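Read off the chains here:
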Amino acid sequence: MKARRESTAHTAIVILGASGDLAKRKLLPALAALYTRGELDDSSIVLGSGRSAFTDEEFRTRAEGSSEFLSRLYYHQGIIGLKNRVKSLGSFKHIIVFFAIPPHAYANTAKKLADEGLTNDTTIIIEKPFGYDFDSAKGLNQKLTEHFQEEQVYRIDHYLAKEAVQNILVFRFANALFYPVWNSRYIESIQINAFEQIGIEERAQYFDRAGIIRDMVQNHLVQLLCLIAMEPPVNLGAEEIRSQKINVLKTLRLDSICKYQYEGYTQEKGVAIDSKTETYAEMKLFIDNFRWSGMPIYIRVGKALNRKGTEIGLRFKRLPKLLFNKSDQVEPNRIIFKIQPAEGIIVDIASKIPGLDFDITNTSMNFCYRDSFSEKVSDAYLKLLLDALKCDRTLFVSAEETELSWKKLASAFTEEVPKLYSPGTVPKPCLCADWINFEKYVNVC
Ligand code: BG6
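The present account deals with the structure reproduced in this document. Remember, it's a predicted structure, so these values are computed and weren't measured experimentally.

The rules we used
- Residues numbered from 1 in each chain as written.
- Predicted model: local features only at pLDDT ≥ 70, side-chain atom pairs only at ≥ 80, totals over all residues.
- Heavy atoms only, no water.
- Core = buried A, V, L, I, M, F, W, Y, C linked by side-chain atoms within 4.5 Å.
- Buried < 20%, exposed > 50% of the residue type's maximum accessible area, 1.4 Å probe, protein only.
- Helix = DSSP H or I, 4+ residues; strand = E, 2+ residues; numbered from the N terminus.
- Pairing = 2+ DSSP bridges.
- Axes fitted to C-alpha atoms, helices over the stretch in contact; angles between N-to-C directions.
- Contact = heavy atoms within 4.5 Å.
- Disulfide = S-S within 2.5 Å.
- Parallel < 35°, antiparallel > 145°, perpendicular 65-115°, else oblique.
- Near = heavy atom within 4 Å.
- Polar contact = N/O pair within 3.5 Å; in protein donor to acceptor, adjacent residues only side chain to side chain.
- Nonpolar A, V, L, I, M, F, W, Y, C, P; charged D, E, K, R; others polar.

What follows is about the nonpolar core. Among the nonpolar cores identified, the biggest contains 104 residues, and Ile190, Met283, Ile312, Leu314, Ile335 and Phe337 are the most heavily contacted of them. When residues of this core are assigned to their parent elements, the largest contribution, 12 residues, is made by helix α9 (residues 212-229). The next biggest cluster of nonpolar side chains, apart from the first, holds 27 residues, and it includes Val86, Tyr106, Phe130 and Phe148.

One open sheet accounts for 9 strands, arranged β14-β13-β12-β11-β7-β10-β9-β8-β16; its pairing is mixed. In this open sheet, the two edge strands, each paired with only one partner strand, are β14 (360-368) and β16 (419-421). If you compare each strand with its neighbour and ignore which way they point, the axes differ by 20° on average. Two elements, strand β13 (residues 344-352) and β14, share 9 bridges in a ladder whose sense is antiparallel. Paired with Val347 across the bridge in β14 is Met365. Seen against the sheet, helix α10 (residues 238-251) touches β8 (252-262) and β9 (280-287) and runs at an angle of roughly 80° to β8.

With that settled, consider the pairing of strand β10 (residues 297-302). Across the 6 residues of β10, 6 count as buried, placing the element largely inside the fold. Here β10 shows no split at all, with Ile297, Ile299 and Val301 on one side and Tyr298, Arg300 and Gly302 on the other all buried. Sheet topology note: the strand β7 (residues 187-195)/β10 ladder contains 6 bridges and is parallel. Bridging from a neighbouring strand, Ile190 pairs with Ile297 of β10. Here 6 bridges tie β9 to β10, and the two strands are oriented antiparallel to one another. Looking across to β10, one finds that Glu282 is bridged to Arg300.

This brings us to the state of the cysteines. Taken as a whole and judged by the stated rule, the model has 2 disulfides. Covalently, Cys258 is tied to Cys430 through a disulfide, its sulfur atoms 1.9 Å apart. The disulfide joining Cys258 to Cys430 has a torsion of about 115° about its S-S bond and is therefore right-handed. Within this pair, whereas Cys258 is found in strand β8, its partner Cys430 is found in the segment after β16, the two being separated by 172 residues in sequence. The class of Cys258 is buried, set by a relative accessible area of 12%. When its relative accessible area of 31% is taken as the criterion, Cys430 is described as partly exposed. Each disulfide pairs two cysteine sulfurs, and for Cys368 the partner residue is Cys445, the sulfurs being separated by 2.2 Å.

Moving on to the sheet that holds strand β3 (residues 73-77). Pairing between the strands of a sheet is mediated by backbone hydrogen bonds and can be parallel or antiparallel. The sheet built from 7 strands is open, its strands ordered β3-β2-β1-β4-β5-β6-β15 with mixed pairing. Each having just a single partner strand, β3 and β15 (396-397) make up the two edges of the open sheet. Looking at chain direction, strand β5 (residues 122-127) and strand β6 (residues 153-156) are connected through 4 bridges and run parallel. When the sheet's bridge partners are listed, Ile125 is paired in β6 with Tyr154.

On to the packing of helix α5 (residues 106-116) against helix α6 (residues 134-147), then. At a minimum axis distance of 9 Å, the contact between α5 and α6 shows a crossing angle of 5°. In terms of orientation, α5 and α6 fall into the roughly parallel class. For the pair α5 and α6, contact is made by Tyr106, Ala107, Ala110, Lys111 and Ala114 and by Leu140, Lys143, Leu144 and His147, respectively.

For the rest of this paragraph, the subject is the site of the ligand. Around the ligand, the surrounding shell consists of Lys128, His158, Tyr159, Lys162, Glu196, Arg203, Asp215, Met216, His220, Lys303, Lys308 and Gln340. Between Lys162 and the ligand, the recorded distance is 2.6 Å, taken from a side-chain N or O atom to an oxygen atom. The contact in question runs from an oxygen atom of the ligand to an N or O atom on the side chain of Asp215, over 2.6 Å. No other element matches α9, which puts 3 residues into the shell around the ligand. When the residues that make up the shell around the ligand are grouped by side-chain class, the tally is 2 nonpolar, 3 polar and 7 charged.

Nothing here speaks to function; it is geometry throughout.
The structure is reproduced here in structure tokens:
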């Protein structure tokens, strides 16, 4: 299925791993919402599949939605016979198979689907992790393309579907104001913060092997960086956007890194007692191209920190001479993208303090989603499923992007003893002397 479809009609949506948590928490609610919005109609069905034995009726009790939506849900045990079951439920132009199953089963499951004859007019959707390093990612991509063409494989990065992430491209390419200064001549550094308050919860088995760099940087944060740094695309087609992101990845260079682990991590259930897995990292990178050469990019990312928040900050260079304050104390301009929780964009500027003197201070111009728009920011899966239904691959990650990203971060995956930090605190910066104080913007929106 290559061409973009305007209509989502006559689609069979198959969820593998339908009795699992992802299907219940995210996929079924997103599909119910698409049905309510009229994005899915009665010519389409949702067919759950899994190892457990359920009747259609039993499967329907796992979902919520209108009775019309629930009547479109069916269940089939296992993969054998899946194609015939789909056929028996109607005539479909497009089959979407969502792999809500553990990543180690992706390659084998793709083969089973192919053995079943479910490859034509089929799209498969998989979610990270795509491999563990460059070699395993390449191996997985090769295995998938033994049965499916790259155009049929949709790799989800749910960060790309976040409303405020999509707005990065609009901010950059629909506003003449910022276009001339978007380069290392004017910008001193790009800083990305991705903080979480939660620890590793019940995910020790996965996380202890992965660590925060594999979990968050290789995919989500590298994707954010690509959107901030890429050259203007010539159109908004998936291939064009991907190729601009790939150009960023080709010139990305990891310079240095500091790793940390929260105190008590090795006592978490399922974590190796001598684990060296990092739960927080600070990284310094460069993009060695014409636009960004010489300008550092800093990333701070971790779990068990003081708050949940993802922000991207652009810190502009200081002016050659500040005319007003006696004591050069005004911070240089900054643009802050508040990705979550409260979405917004803030432009920090210097202003005169009212009064008889000519003292100046930092003030900000704020755009907050909640003040400008009445619509609720929708769930990332809603957008991603709708795009998959329409065969729009713009927000999905290509094989080449994942492989390049692993390659460029390879030097981060060395075993070293991480420094410790107390849960609920943020380690002191170790690479960047001029951190943007993102805390300042937490309550702005
Ligand atoms: C996932 C990571 O991809 O993203 C998790 O595996 C992390 O460890 C999550 O908690 C964060 O997503 P969000 O949308 O809550 O920022």
